[in-house]
Amino acid sequence: MAGIKALISLSFGGAIGLMFLMLGCALPVYDKYWPLFLLFFYILSPIPYCISRRVVDDTDSASNACKELAIFLTTGIVISAFGLPIVFARAAVIAWGACALVLTGNVVIFSTILGFFIVFGSNDDFSWQQW
């Protein structure tokens with residue numbers, strides 16, 4: 001039952017994060033939809049870590065190059081997702097208020113993705129790898 005509560009709270013967090021992203025785009029004051037390119041970063045961010053978990057054997061306690069590369073790529077994707085709205089705002093493509101809403105959505109979405117891997121990352125009965 002704890003897994004169901006975690007899944008519901010994670011879906012709620014994802015919905016709140018997407019709401020902030022959409023508010024940064026669709027409010028009549030801002031009315032620019034360029035920040036929706038961040039959806040690509042939301043989709044791409046967990047992929048390197050998921051691939052490395054499938055490839056790497058976790059029995060070795062030492063760090064390995066595949067897992068380190070996956071963490072490096074994921075970090076680059078996350079930093080790019082935070083940098084893109086700031087570059088848009090500096091170039092006057094979007095307003096600074098929209099940038100603040102999009103950055104708030106980024107924090108919530110990436111916290112939700114991190115929470116997903118923390119909750120479902122262990123290899124127990126309720127694991128995301130079974131899906």
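Residues numbered from 1 in each chain as written. Predicted model: local features only at pLDDT ≥ 70, side-chain atom pairs only at ≥ 80, totals over all residues. Heavy atoms only, no water.

As recorded by an unreviewed UniProt entry, the protein chain carries the name Leptin receptor overlapping transcript-like 1 and is attributed to Dissostichus eleginoides. Comment text from UniProt for the protein chain, heading Sequence similarities (unreviewed entry), reads "Belongs to the OB-RGRP/VPS55 family." UniProt, in the comment section headed Function (unreviewed entry), describes the protein chain in these words: "Negatively regulates growth hormone (GH) receptor cell surface expression in liver. May play a role in liver resistance to GH during periods of reduced nutrient availability." (UniProt positions renumbered as here; feature names shortened; annotations may be inferred.)

Draft legend 1. Representation of the packing of helix H4 (residues 65-90) against helix H5 (residues 96-120) in the model. One can describe the packing of H4 onto H5 by two numbers: an axis separation of 9 Å at closest approach and a directional angle of 175°. Judged by the inter-axis angle, H4 sits roughly antiparallel to H5. Contacts between H4 and H5 involve Val78, Ala81, Phe82, Pro85, Ile86, Ala89 and Arg90 from the first element and Trp96, Cys99, Val102, Leu103, Asn106, Val107 and Phe110 from the second. Looking at side-chain class alone, the contact of H4 with H5 contains 12 nonpolar, 1 polar and 1 charged residues. (Axes fitted to C-alpha atoms, helices over the stretch in contact; angles between N-to-C directions. Helix = DSSP H or I, 4+ residues; strand = E, 2+ residues; numbered from the N terminus. Parallel < 35°, antiparallel > 145°, perpendicular 65-115°, else oblique. Contact = heavy atoms within 4.5 Å. Nonpolar A, V, L, I, M, F, W, Y, C, P; charged D, E, K, R; others polar.)

Draft legend 2. Main features of unusual backbone geometry. In this structure, aspartate 31 is a non-glycine residue whose phi angle is positive, near 50°. Assignment of secondary structure puts aspartate 31 in the loop between helix H1 (2-26) and helix H2 (38-44). Of note, alanine 92 is a non-glycine position whose phi angle comes to about 60°, a positive value. Within the fold, alanine 92 resides in the loop between H4 and H5.

Draft legend 3. The arrangement of the UniProt feature "transmembrane region" (unreviewed entry) in the protein chain in detail. UniProt feature "transmembrane region" (unreviewed entry): in the numbering of this structure it lies at residues 7-30, 36-56, 68-88 and 94-120. Between the end C-alpha atoms of residues 36-56 the distance is 33 Å, and the span holds 76% helix and 0% strand. The straight-line gap between the two end C-alpha atoms of residues 68-88 is 30 Å; of that span, 100% is helix and 0% is strand.

Draft legend 4. Layout of a nonpolar patch on the surface. Together, Trp34, Phe37, Phe40, Ile43, Leu44, Ile47, Ile51 and Val55 give the surface a local cluster of nonpolar side chains, amounting to about 810 Å² of exposed area. Where the nonpolar patch is concerned, the elements lending two or more residues are H2 and helix H3 (47-55). Assignment of secondary structure puts leucine 44 in helix H2. With relative accessibility at 42%, the residue leucine 44 sits in the partly exposed group. (Patch = residues over 30% accessible without salt bridge, like charges linked within 9 Å, V, L, I, M, F, W, Y side chains within 5 Å. Areas by Shrake-Rupley, 256 points an atom, 1.4 Å probe, with all protein chains shown as cover. Salt bridge = Lys/Arg side-chain N within 4 Å of Asp/Glu carboxyl O. Buried < 20%, exposed > 50% of the residue type's maximum accessible area, 1.4 Å probe, protein only.)

Draft legend 5. Representation of the nonpolar core. Within the largest apolar cluster, 9 residues are counted, these being Leu21, Leu38, Phe41, Tyr42, Ile77, Ala81, Val102, Ile109 and Phe110. Leaving out residues up to four positions away in the same chain, phenylalanine 110 has contacts with Phe41, Tyr42, Ser45, Val78, Ala81 and Phe82. Of all hydrophobic cores here, the second largest spans 5 residues; its members include Phe88, Ala89, Ala98 and Cys99. (Core = buried A, V, L, I, M, F, W, Y, C linked by side-chain atoms within 4.5 Å.)

Draft legend 6. A look at H3. Among all positions in H3, only Pro48, Ser52 and Arg53 are buried. All buried residues of H3 lie within an arc of 135° about the axis, which places them on one face of the element. Along its buried surface, H3 packs onto H2 and H4. (Arc of directions from axis to C-beta.)

Draft legend 7. Quick look at the packing of H3 against H4. Remark: H3 packs on H4, axes separated minimally by 8 Å, with the N-to-C direction vectors making an angle of 170°. Comparing their axes, H4 and H3 come out roughly antiparallel. Contacts between H3 and H4 pair Pro48, Tyr49, Ser52 and Val55 from the former with Cys66, Lys67, Ala70, Leu73, Thr74 and Ile77 from the latter. The residue inventory of the contact of H3 with H4, partitioned by class, reads 7 nonpolar, 2 polar and 1 charged.

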